[in-house]
Amino acid sequence: MEVLAGESNMVAKVRENGVLYEFDFSRVYWNPRLSTEHERIVSLLHRGDTVVDVFAGVGPFAIPAARRGCAVLANDLNPESFRWLQHNAKLNKVDQKITTSNLDGRDFIRGPVRERLPALMKGSQKIHVVMNLPALALEFLDAFKGLLDPEPDQSLSNLPQVHCYGFSKENDPQRDVVERAEASLKTNLQGQCSVHLVRNVAPNKEMMCVSFTLPRGVLYKTHTQDRDTSEEPCPKKQKCEDSTN
Ligand SMILES: C[S@@+](CC[C@H](N)C(=O)[O-])C[C@H]1O[C@@H](n2cnc3c(N)ncnc32)[C@H](O)[C@@H]1O
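To start, this report covers the structure provided alongside it. It should be emphasised that the depicted structure is a prediction, and the values quoted were computed from it without experimental measurement. Per-chain numbering applies: the sequence of each chain, read as written, is numbered from 1 onward. Confidence filtering applies because this is a predicted model: local features only for residues at pLDDT of at least 70, side-chain atom pairs given and counted only at 80 or more, and all residues used for totals across whole chains, interfaces and linings. Hydrogen atoms and water are omitted, and side-chain values are computed over all heavy atoms in the structure.

1. A few points about the overall build of the chain
Move 1: Looking only at helices and strands, the chain has 9 helices and 9 strands in total.
Move 2: Taking all 245 residues of the chain together, the buried fraction comes to 46%.
Move 3: In the form shown here, the chain has an accessible surface area of approximately 12,900 Å², with 49% of it arising from carbon and sulfur atoms. To qualify as a helix, a DSSP run of H or I must reach at least 4 residues; to qualify as a strand, a run of E must reach at least 2; elements of each kind are numbered from the N terminus. Any residue under 20% of the maximum accessible area for its type is buried, any over 50% is exposed, and the rest in between are partly exposed; the area is computed with a 1.4 Å probe on protein chains only. Computed with the Shrake-Rupley method and a 1.4 Å probe, the accessible areas treat only the protein chains shown as cover for residues.

In structure tokens, the structure reads:
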């Protein structure tokens, strides 16, 4: 991005769905075409829920969620996004509701999220995990595999609801993103997830959101995961191999 004339200042003030954000346009991600999607996810939240935003940017899910009375864990790897996320939390007077991290998404899930999840899952308020990095987020789902040690009372657990974004250029984008989520999680999601078309990004390229409850068998370590499972084929591979037989 280049300033053609005038002062070389890319700091913008933007209002989306009634919330004010400030950020340096040249250093962070911002897409006004996502306002409806931000609103859709925020409309699913209730006071007291927890939101885990793995790729938070400058806060368009995290800040409205906190304003709605949710506790938020928000992360972004880009130090500039992280700085503006913290700035926007203060600007909107919700910094007490948001805990920020500046980590790679996988480290965030395996660090701060893993630490907080067992206590949150003992409660009854919903836990929503938002993963908006559509080029890669489906691949990050593997970070949830065997994240927690099994607990004796795990049947009572309140399992997190994941909203994971992906681009697709396939003829059946819905099926494509579900299969890619299944391949990362090494589990079957058929009949256990919903898929939302977010927007058409380019001719033959869709942005999709797959939502599902994180399966218990994915989240908890099993005896087989303690052994070497590197030879196990993923469900997608298995399907491909089956179809060639
Ligand atoms: C598509 S933007 C989404 C930002 C915001 N959630 C939104 O909806 O507008 C993806 C964000 O992920 C961040 N990011 C990219 N790679 C990452 C990684 N490996 N770990 C954590 N954050 C990452 C980028 O800095 C960017 O802010």
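So much for the structure itself; the text now carries on.
2. Here we look at the site of the ligand
Move 1: Proximity is defined per residue: if any heavy atom of the residue lies within 4 Å of a molecule or strand, that residue is considered near it. Among the 20 residues in the neighbourhood of the ligand, the closest are listed as His38, Phe55, Asp76, Asp104 and Gly105.
Move 2: Whenever two N or O atoms come within 3.5 Å, that pair is a polar contact, provided that in protein one can donate a hydrogen and the other can accept it, and provided that, for residues adjacent in sequence, both atoms are side-chain atoms. Here an oxygen atom of the ligand sits 2.6 Å away from a polar atom, N or O, in the side chain of Asp76.
Move 3: In the environment of the ligand, a nitrogen atom lies 2.8 Å from a nitrogen or oxygen atom belonging to the backbone of Gly105.
Move 4: Split into classes, the residues belonging to the shell around the ligand amount to 11 nonpolar, 7 polar and 2 charged. The nonpolar class holds Ala, Val, Leu, Ile, Met, Phe, Trp, Tyr, Cys and Pro. Asp, Glu, Lys and Arg form the charged class, and all remaining residues, Gly among them, are polar.

3. What about the sheet that holds strand β5 (residues 98-101)?
Move 1: Only strands that DSSP links by at least two bridges are regarded as paired with each other. In space, the 7 strands of this open sheet follow the order β5-β4-β3-β6-β7-β9-β8, with mixed pairing throughout. Each edge of the sheet is formed by a strand with only one pairing partner; in this case those strands are β5 and β8 (193-202). This sheet shows a mean twist of 15 degrees between the axes of neighbouring strands, independent of strand direction.
Move 2: As paired elements, strand β3 (residues 50-53) and strand β6 (residues 127-131) share 4 bridges and run parallel to each other. In the strand pairing of β6, Asp53 is matched with Val130.
Move 3: Two residues form a contact once any of their heavy atoms are found within 4.5 Å. Helix axes use the C-alpha atoms of the stretch in contact, all axes being lines fitted to C-alpha atoms, and the angles between their N-to-C directions lie in the range 0 to 180 degrees. Its contacts with the sheet put helix α3 (residues 79-91) on β4 (71-75) and β5, and the angle it makes with β5 is roughly 170 degrees.
Move 4: Most of the contacts of helix α4 (residues 105-122) go to β4, to which it runs at about 165 degrees, and overall it touches β3, β4, β5 and β6.

4. A word on the packing of aromatic side chains
Move 1: Ring pairs are drawn from Phe, Tyr and Trp, using the six-membered ring of Trp, whenever the two centres fall within 6.5 Å, and their geometry is named by plane angle: stacked under 30 degrees, edge-to-face over 60, tilted for the rest. Scanning all chains against the criterion turns up 5 aromatic pairs.
Move 2: An aromatic cluster of three or more residues is present, and its members are Tyr21, Phe23, Phe25 and Trp30.
Move 3: Our definition puts a charge over a ring when NZ of Lys or CZ of Arg is within 6 Å of the ring centre and also within 35 degrees of the ring normal. Across the ring face of Phe140, the terminal group of Arg106 is positioned such that the distance to the ring centre comes to 4.5 Å.
Move 4: Its guanidinium or amino end placed over the ring of Phe167, Lys205 lies 4.3 Å from that ring's centre, counting from NZ or CZ.

5. Focus on the state of the cysteines
Move 1: Two cysteine sulfur atoms make up a disulfide if the distance between them is within 2.5 Å. In the structure shown here, the tally under the stated rule is 0 disulfides.
Move 2: Not part of a disulfide, Cys164 finds its nearest cysteine sulfur in Cys209, a span of 7.6 Å.
Move 3: Owing to a relative accessible area of 0%, Cys164 belongs among the buried residues under this scheme.

6. Here we look at the pattern of salt bridges
Move 1: For salt bridges, the criterion is a side-chain nitrogen of Lys or Arg within 4 Å of an Asp or Glu carboxyl oxygen. Tallied over the entire structure, the rule returns 7 salt bridges.
Move 2: A salt bridge links Asp176 to Arg180, with the nearest nitrogen and oxygen atoms 2.9 Å apart. Here Asp176 and its partner Arg180 are both found in helix α6 (residues 173-185), 4 residues apart, which amounts to about one turn of the helix.
Move 3: The exposure class assigned to Arg180 is partly exposed, which follows from its relative accessible area of 25%.

7. Describing the layout of surface pockets
Move 1: Cavities and pockets are defined on a 1 Å grid built over the protein atoms alone: a cavity is a set of grid points where a 1.4 Å probe fits but cannot escape, while a pocket is an open set with protein on both sides within 12 Å along at least five of seven lines, and lining residues are those with an atom within 4 Å of any such point. Grid points are joined across faces, edges and corners, and a volume is the space filled by probe spheres set on the points. Put simply, the largest pocket is a space of about 410 Å³.
Move 2: Taken together, 26 residues make up the lining of the largest pocket; nearest its centre are Tyr29, Phe55, Gly57, Asp76 and Asn132.
Move 3: Grouping the amino acids of the lining of the largest pocket by side-chain chemistry returns 15 nonpolar, 8 polar and 3 charged.

8. Regarding the side chain of Arg199
Move 1: Within the secondary structure, Arg199 sits in strand β8.
Move 2: By the counting scheme adopted, Arg and Lys are positive, Glu and Asp are negative, and His together with the chain ends is not counted. This buried residue, Arg199, is left without a salt bridge; Glu206 holds the nearest opposite charge, at 9.0 Å.
Move 3: Not counting residues within four places of it along the chain, the set of residues in contact with Arg199 comprises Asn31, Arg33, Leu34, Lys205, Glu206 and Met207.

9. A word on helix α1 (residues 35-42)
Move 1: Among the residues of α1, those classed as buried are Glu37, His38, Ile41 and Val42. Projected down its long axis, α1 carries its buried residues within an arc of 135 degrees, all on one side.
Move 2: Packing partners of the buried residues in α1 comprise β1 (11-16), α2 (62-67), β6, β7 (161-168), β8 and β9 (205-213). An arc is given here, and it is the one of the directions from the helix axis to the C-beta atoms.

10. Focus: the nonpolar core
Move 1: Buried Ala, Val, Leu, Ile, Met, Phe, Trp, Tyr and Cys residues form a nonpolar core when they are joined through side-chain atoms within 4.5 Å. Counting residues in hydrophobic clusters, the biggest one holds 35 residues, and the most contacted among them are Met131, Leu141, Phe144 and Leu219.
Move 2: Elements with a contribution of two residues or more to this core: α4, β6, α5 (137-140), β7, α6, β9 and α7 (216-219).
Move 3: Take this core: its biggest share by element is 5 residues, from α4.
Move 4: Setting aside residues no more than four positions away along its own chain, Leu219 makes contact with Leu117, Met121, Phe144, Gly146, Leu147, Leu148, Leu159, Pro160 and Leu214.

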